[in-house]
There are 2 protein chains.
Amino acid sequence: MKGISIKDIAKQAGVSPTTVSFVLNGKAKEKRISEQVSKKIQKIAARLKYKPNQLARGLRTGKTKTIGLIVEDIANNFFASLAKVVEDEADKYGYKVLYGSTEDNTEKAKGLLEVLKYRQVDGYIITPTKNLDKEIELLQSASKPLVLMDRYFPHINSSYVVLNNYKGAYDATTHLIAQGYKKIAIVTIASEQTQMKDRLDGFVAALKEHKIPFNKSLVKRLAFDLDRESFNTEIKKFLTTVKDLDAVFFATNYLGIAGIESIRSLGWEIGKEIGLVGFDDHDLFRLHSPSITCVSQPIASIGKNIVEVLMNELNHPGSPSRQVVLAPELVVRASSSRT
Amino acid sequence: MKGISIKDIAKQAGVSPTTVSFVLNGKAKEKRISEQVSKKIQKIAARLKYKPNQLARGLRTGKTKTIGLIVEDIANNFFASLAKVVEDEADKYGYKVLYGSTEDNTEKAKGLLEVLKYRQVDGYIITPTKNLDKEIELLQSASKPLVLMDRYFPHINSSYVVLNNYKGAYDATTHLIAQGYKKIAIVTIASEQTQMKDRLDGFVAALKEHKIPFNKSLVKRLAFDLDRESFNTEIKKFLTTVKDLDAVFFATNYLGIAGIESIRSLGWEIGKEIGLVGFDDHDLFRLHSPSITCVSQPIASIGKNIVEVLMNELNHPGSPSRQVVLAPELVVRASSSRT
DNA sequence: GGCCTGTAGTAAAACGTTTTAGCATGTTTC
DNA sequence: GAAACATGCTAAAACGTTTTACTACAGGCC
């Protein structure tokens, strides 16, 4: 059960392992191996179903054809769907994916990076946590190909693929205003990271632009690591505190879900008594009664872009980093309509 | 940026690489390395933050400390949640996870196994597809540690961790009967694999046991690879064909979701006009109006068991295979109540 | 015949470990 | 005072590749 090695092929073909390696790596021409020998080796390799040992190859070349994917939470629908796209796309280039979830915990993220590093992954796709900038810079100064996703560090010149979160929130809020809601709040995560900051900024900008008075009391920022129970408690407390509130924008998918739950347990009628827009699409949003308006991310496109950008870094080291910002789509449903 | 190797430590400590290896692998005692030298090496290794090169180690030992996880669809909530548990548990043993989705396509599954094989994973966690039995046996005859999950092959003596699907379906159906529903159908996937077969069997057994007449027209088996649109069309066609139908059991989570959608587009009132039970829990089921009764799988326990069984195979090769069958929990909600 | 050029290939080192076999040296033992 | 044993360590091979630097030979040219 040892597996076929280059030596076995060499022996059968009556040539040296070197020759086999050259042929199998497509360097037959370049290395002046004759057609005859070339063909023979190809044939034997095919017959024996030879697959190069990736460990040995990796040891020698330093390339493992593996990429590390660090997400916030693989159990979250958004990240899981994205992981699948990434896996499929990476496969097209012959890469496998090692993954891990940070739970938005910087220590866990560092641990993951550590493991991926000594597993010698060739490139990194990272959903960074708050204080991961130093580690990112470390990877960069080691010229490791990497792409940030979902969020990025403005002060670091790295490749990234993100949503236009500002536009997402701006559109959502503008839509609520257009629907006639007057006092609109946002429930978000207490985070200074770009994705959350942009969503908040987009929300505020939309209010300002439409001359809707804005003040701090319209913003609720919750800790990321609360459990569902606590999310609900906090959200209910907040919603009942704001006077004359008639609409709310939930800035992440899980907040949206918690929000729906909270509002229902308050007995308010979604849409009529309180307008609601969520983030990321979800079966629940589509099928809820009433259905939930949301800012939808183009997951397939995000995944493709991520892998494309990463492959560019892998294949053209030193080429300038690329930033991709994709447009969200506002999926209008019943939760943002009074009728 | 080369990374610290055992040689660097050896040089600094003024000993041979061999000694360093012995010490760092905890064989100092056994190999009679003095306390002094041992300590010194440990210290230097810590100072240099030495991490063994897993490729080199793997090449030499044949162990990569990596396991392959093959699921049906990582974007499916059930598999994603499970993947997360598996990743966390495996990490406790120092293993990383390479994953892939089969889409229930045997060719894709074979491809994944192929890749995992020549990546030299130490063990496999496999959600098998229909005709994967030959490959499983091949892995077995190569003494590869493996655990099947979600489903298994009755004619193969392998380890597996599955739900008691029979009981899940039986309980769901019995519950519907107890709630007073008289004509109950099942919508399932056209699959002869154990998980689907057991669910169907459990359904039929419950009907028989309660003297409810059963016939083939109460069973709808859909092709796995339909798109959402087609699922809906087929389900609607089926539900409207069965005379006097008053309850339906959807045998997978995505069928349940499609079922809800279909029933609603038919304008039927869930619970009152038609009882409904789904499989696997989901935010949608919890928050739908009315909320959806479902057979819930103990995901954390499944994941832990999978990794535990696999670790047993890894650490005690040749030990008898283990079969774990876990009990589902029927989560009773509004969709199965007429009131 | 000596020199160059081109052709077709190979030997050996290297990647970073682990592991087998063994080498000094000192200490008992009879 | 030699054999036996214990102690503390190391040299070198091996895992399966890739890659650099070569060799061996043939033919052409002066």
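Worth saying up front: this structure is predicted, and the values here are computed from it rather than measured.

Draft legend 1. Main features of the overall build of chain A. Tallying secondary structure elements over chain A gives 13 helices and twelve strands in all. Relative to the 2.2 N^0.38 estimate, which gives 20 Å for 339 residues, the radius of gyration of chain A is 26 Å and therefore markedly larger than a compact globule would have. Viewed in the frame of its principal axes, chain A has a C-alpha envelope of about 85 × 40 × 35 Å. Expressed as a percentage of its 339 residues, the buried residues of chain A come to 46%.

Draft legend 2. Up close: the packing of helix α5 (residues 77–92) of chain A against helix α13 (residues 299–315) of chain A. Residues and elements named next belong to chain A. Running from amino to carboxyl end, α5 crosses α13 at an angle of 45 degrees, the nearest separation of the two axes being 8 Å. Of the possible angle classes, the one that applies to α5 and α13 is oblique. Where α5 crosses over α13, the two elements pack in a sense that is right-handed. Between α5 and α13, the contacting residues are Ser81, Leu82, Val85, Val86, Glu89 and Ala90 on the first element and Ile299, Ala300, Ile302, Gly303, Lys304, Ile306 and Val307 on the second. Partitioned by chemical class, the residues of the contact of α5 with α13 number nine nonpolar, two polar and two charged.

Draft legend 3. Geometry of the sheet that holds strand β6 (residues 184–189) of chain A. Residues and elements named next belong to chain A. Across the sheet, six strands lie side by side as β7-β6-β8-β9-β10-β12; this open sheet has mixed pairing. Looking at strand neighbours, the two that pair on one side only are β7 (219–222) and β12 (329–331), the edges of this open sheet. When strand polarity is set aside, the average angle formed by the axes of neighbouring strands in this sheet is 15 degrees. Sheet analysis places strand β10 (residues 293–296) next to β12, joined by three bridges and oriented antiparallel. Residue pairing across strands places Cys294 opposite Val331, the latter belonging to β12. Helix α10 (residues 228–241) rests against β6, β7 and β8 (247–250) of the sheet, and its axis sits at about 165 degrees to β7. Packing of helix α11 (residues 253–266) onto the sheet brings it into contact with β6, β8, β9 (275–279) and β10, and relative to β9 it is tilted by some 150 degrees.

Draft legend 4. Spotlight on the protein's contact with DNA strand D. Not every one of the 28 residues close to DNA strand D is listed here, only the nearest: Ile6, Asn53 and Ala56 of chain A together with Thr19 and Ser34 of chain B. Those elements that place two or more of their residues in the surface near DNA strand D are α2 (17–24) and α4 (54–61) of chain A together with α2 (17–24) and α4 (54–61) of chain B. Counted by class, the surface near DNA strand D contains eleven nonpolar, eleven polar and six charged residues.

Draft legend 5. Geometry of the protein's contact with DNA strand C. As a structural note, the neighbourhood of DNA strand C is formed by 28 residues, with Thr19 and Ser34 of chain A together with Ile6, Asn53 and Ala56 of chain B the closest of them. Those elements giving two or more residues to the surface near DNA strand C turn out to be α2 and α4 of chain A together with α2 and α4 of chain B. Among the residues making up the surface near DNA strand C, the classes are represented as eleven nonpolar, eleven polar and six charged.

Draft legend 6. Structural context of the relation of the copies chain B and chain A. Overlay of chain B on chain A (RMSD 0.0 Å): rotation 180 degrees, translation along the axis 0.0 Å. What the rotation and shift describe, once combined, is the action of a two-fold rotation axis. Among all residues of chain B, the minimum C-alpha distance to the rotation axis is found for Leu284 of chain B, at 2.2 Å. Mapped onto chain A, 100% of the interface residues of chain B again fall at the interface, so both copies present the same surface.

Draft legend 7. View of the domain arrangement of chain A. Along its sequence, chain A is organised into domain 1 (6–52), domain 2 (62–162 + 299–325) and domain 3 (165–298 + 330–336). Distance between the C-alpha centres of domain 1 of chain A and domain 3 of chain A: 62 Å.

Draft legend 8. Structural view of the pairing of β8 of chain A. Residues and elements named next belong to chain A. Of the two faces of β8, the one holding Ala247 and Phe249 and the one holding Val248 and Phe250 are both buried throughout. Pairing of β8 with β9 involves three bridges; the strand directions are parallel. Across the sheet, Ala247 pairs through a bridge with Gly275, a residue of β9.

Draft legend 9. Quick peek at the sheet that holds strand β12 (residues 329–331) of chain B. All names here are of chain B. With respect to topology, six strands assemble into an open sheet ordered β7-β6-β8-β9-β10-β12, the strand pairing being mixed. Both edges of this open sheet fall to β7 (219–222) and β12, since each of them pairs with a single strand only. For this sheet, the mean inter-axis angle between neighbouring strands, taken without regard to orientation, is 15 degrees. Across four bridges, strand β6 (residues 184–189) lies against β7 in parallel orientation. Its bridge partner being in β7, Val187 is matched across the sheet by Lys220. Lying on the sheet, helix α9 (residues 194–209) is in contact with β6, β7 and β8 (247–250); it crosses β6 at an angle near 170 degrees. Most of the contacts of helix α11 (residues 253–266) go to strand β9 (residues 275–279), to which it runs at about 150 degrees, and overall it touches β6, β8, β9 and β10 (293–296).

Draft legend 10. Molecular detail of the interface of chain B and chain A. On the side of chain A, 34 residues touch chain B, which itself brings 34 residues to the contact. For the side of chain B that touches chain A, the secondary structure elements donating two or more residues are α4, α5 (77–92), β2 (96–101), α6 (106–118), α11 and α12 (283–287) of chain B. For the side of chain B that touches chain A, the element with the highest residue contribution is α5 of chain B, accounting for six residues. A class-by-class count of the residues in the side of chain B that touches chain A yields 17 nonpolar, ten polar and seven charged.

Draft legend 11. Structural detail: the environment of Arg32 of chain B. Residue and element names in this part refer to chain B. Residue placement: Arg32 occurs in the loop between α2 and α3 (35–47). On the neighbour-count criterion, Arg32 (8 C-beta atoms within 10 Å) is exposed. Along the primary structure Arg32 and Val85 are separated by 53 residues, whereas in three dimensions their C-alpha atoms are 41 Å apart.

Draft legend 12. The arrangement of the packing of α10 of chain A against α11 of chain A in detail. Residue and element names in this part refer to chain A. Remark: α10 packs on α11, axes separated minimally by 9 Å, with the N-to-C direction vectors making an angle of 60 degrees. In terms of their interaxial angle, α10 and α11 are classed as oblique. Once α10 is placed against α11, the crossing between them reads as right-handed. Of the residues in α11, those in contact with Arg228, Phe231, Asn232, Ile235, Lys236, Leu239 and Thr240 of α10 are Ala258, Gly259, Glu261, Ser262, Ile263, Ser265 and Leu266. Of the residues assigned to the contact of α10 with α11, the class counts are six nonpolar, five polar and three charged.

Draft legend 13. The arrangement of the nonpolar core in detail. Judged by nonpolar contacts, the single largest core of 86 residues is most densely connected at Val187, Val248 and Phe249 of chain A together with Val187, Val248 and Phe249 of chain B. Membership of the second largest hydrophobic core comes to 84 residues, among which are Leu69, Phe79 and Tyr124 of chain A together with Leu116 of chain B.

Draft legend 14. The arrangement of the UniProt feature "domain: HTH lacI-type" (unreviewed entry) in chain A in detail. When the UniProt feature table is mapped onto this chain, "domain: HTH lacI-type" (unreviewed entry) is found at residues 4–61 of chain A. For residues 4–61 of chain A, helix accounts for 64% and strand for 0%, while the C-alpha atoms at its two ends are 20 Å apart.

Quick notes on the rules
- Residues numbered from 1 in each chain as written.
- Chains lettered and ligands numbered in written order.
- Predicted model: local features only at pLDDT ≥ 70, side-chain atom pairs only at ≥ 80, totals over all residues.
- Helix = DSSP H or I, 4+ residues; strand = E, 2+ residues; numbered from the N terminus.
- Rg over C-alpha atoms; globule rule 2.2 N^0.38 Å.
- Buried ≥ 20, exposed ≤ 12 C-beta atoms within 10 Å, placed from the backbone.
- Axes fitted to C-alpha atoms, helices over the stretch in contact; angles between N-to-C directions.
- Parallel < 35°, antiparallel > 145°, perpendicular 65-115°, else oblique.
- Left-handed = near helix turned anticlockwise from the far one by under 90°.
- Contact = placed C-beta atoms within 7 Å.
- Nonpolar A, V, L, I, M, F, W, Y, C, P; charged D, E, K, R; others polar.
- Pairing = 2+ DSSP bridges.
- Near = placed C-beta within 6 Å.
- Least-squares fit on C-alpha atoms with pLDDT ≥ 70 in both.
- Domains from an automatic or database assignment.
- Core = buried A, V, L, I, M, F, W, Y, C linked by C-beta atoms within 7 Å.
- UniProt positions renumbered as here; feature names shortened; annotations may be inferred.

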